[in-house]
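Observations on the three-dimensional arrangement
Spelled out from the first residue to the last, the chains are:
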Amino acid sequence: MCITCGCSDDKEAKITNLEPEHHTHTLPDGTVITHTHQHEQPANIHAQVHNTTISLEQEILGKNNLLAAQNRGWFKGRNILALNLMSSPGAGKTTLLTRTINDLKNKLTISVIEGDQETTNDAEKIKSTGCKVVQINTGTGCHLDASMIERGLQQLNPPLDSVVMIENVGNLVCPALFDLGEQAKVVILSVTEGEDKPIKYPHMFRASQVMILTKIDLLPYVNFDVQRCIEYAKQVNPQMHIFQLSATTGVGLEDWYNYLTQ
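Notes on the structure follow. Since this is a predicted model, take the numbers as computed values, not measurements.

Another aspect to go through is the nonpolar core. Judged by nonpolar contacts, the single largest core of 30 residues is most densely connected at L83, L96, V112, M165, I212 and W256. When contributions to this core are tallied by element, the ones reaching two or more residues are β5 (81-87), α2 (93-104), β6 (110-116), α3 (121-127), β8 (163-167), β9 (184-190), β10 (210-214) and α8 (253-261). Filtering out sequence-adjacent residues up to four positions away, I212 remains in contact with L96, V186, V187, I188, L189, F243, L245 and W256. Among the nonpolar cores identified, the runner-up in size contains 18 residues, and M86, L172, M211 and V236 belong to it.

This is the structure we're talking about:
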């Protein structure tokens, strides 16, 4: 059992490539396999470490950070912008992502690694935009880690000079702890959740370089204080970039798109 986040280490993550293309894989014994079907590839979520609580956490995060650094070098060497999108369930990550891909498909090449505990529902929505996507199902796991991203990138094979969006598992706690090798963490907060989220989950907002306040088209119908939310976010992270937008109406999307293209 991983005490850092509570994920059990006897479960396996499942990686599914939704692209029916030719893929070649080298197994640990040197065997080379080439196939064209969608497949699922096991990935250990955490190594077993038998020590004190502090040593266990350090071991888990230390191993993850090493792999994250390797992922970051891989992205940099290919001039790929990688963003880690995080939020609570239902905040609107997938809706924003599909709108972004459709609006920018003529300007940016975007690929997606989609993280959920189960199903390929969100990955299918992403695929419908024409975007390359790989689904990672974590089982009981509450977050993606750097090892999963490394394996997912082997399947995704994003092109040079492109953008990789990593949609993390819906959770405002554990994803903040795990570096994936991304250039920036982006936390998405909807106006239906409450303006105090930045101070209730400070580590998530402190770890993120960007906050996107979504569903602002619903402001007339919910009790949400935008200014107080921004003050809370700045209190936790004064350097945070903040965008206010609606993926439904398109209001505020231009600023978000300018951030991506620049």
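Moving on, there is more to tell.
Attention now goes to the packing of aromatic side chains. Counted by the stated rule, this structure contains 4 aromatic pairs. For the ring pair F243 and W256, a centre distance of 6.1 Å and an interplane angle of 65 degrees mean the geometry is edge-to-face. Here F243, found in strand β11 (residues 241-244), pairs with W256, found in helix α8; they are 13 residues apart in sequence, far enough to count as distant. Looking at W256, the relative accessible area reads 1%, which means it is buried. An angle of 15 degrees between the planes, with centres 5.9 Å apart, marks the rings of W256 and Y259 as stacked. Placement of both W256 and Y259 in helix α8 is noted, with a separation of 3 residues, approximately one turn of the helix. The partly exposed category is assigned to Y259, whose relative accessible area is 26%.

We now examine unusual backbone geometry. At T119, a position not held by glycine, the phi torsion is positive, near 70 degrees. Within the secondary structure layout, T119 lies in the loop between β6 and α3. Overall, T119 belongs to the partly exposed group, its relative accessible area being 40%. One non-glycine residue, N157, lies in the positive phi region at around 50 degrees.

Analysis parameters
Here, residues in each chain are numbered from 1, in the same order as that chain's written sequence. In keeping with the model being predicted, local features are shown solely for residues with a pLDDT of at least 70 and side-chain atom pairs are shown and tallied solely at 80 or more, while totals for entire chains, interfaces and linings include all residues. The basis for every side-chain value is the complete set of heavy atoms in the structure, and neither hydrogens nor water enter the calculation. For the purposes of this section, nonpolar cores are sets of buried Ala, Val, Leu, Ile, Met, Phe, Trp, Tyr and Cys residues that join through side-chain atoms within 4.5 Å. Residue burial is assigned from relative accessible area. The probe radius is 1.4 Å, only protein chains are included, and a residue is buried under 20% of its type maximum, exposed over 50%, and partly exposed in between. Helix and strand assignments follow DSSP, with helices taken as H or I runs no shorter than four residues and strands as E runs no shorter than two, numbered in order from the N terminus. Only heavy atoms matter for contacts: two residues are in contact if any of them lie within 4.5 Å across the pair. What counts as a ring pair is set by centres within 6.5 Å for rings of Phe, Tyr and Trp (its six-membered ring), and what kind of pair is set by the plane angle: stacked under 30 degrees, edge-to-face over 60, tilted for all other angles.

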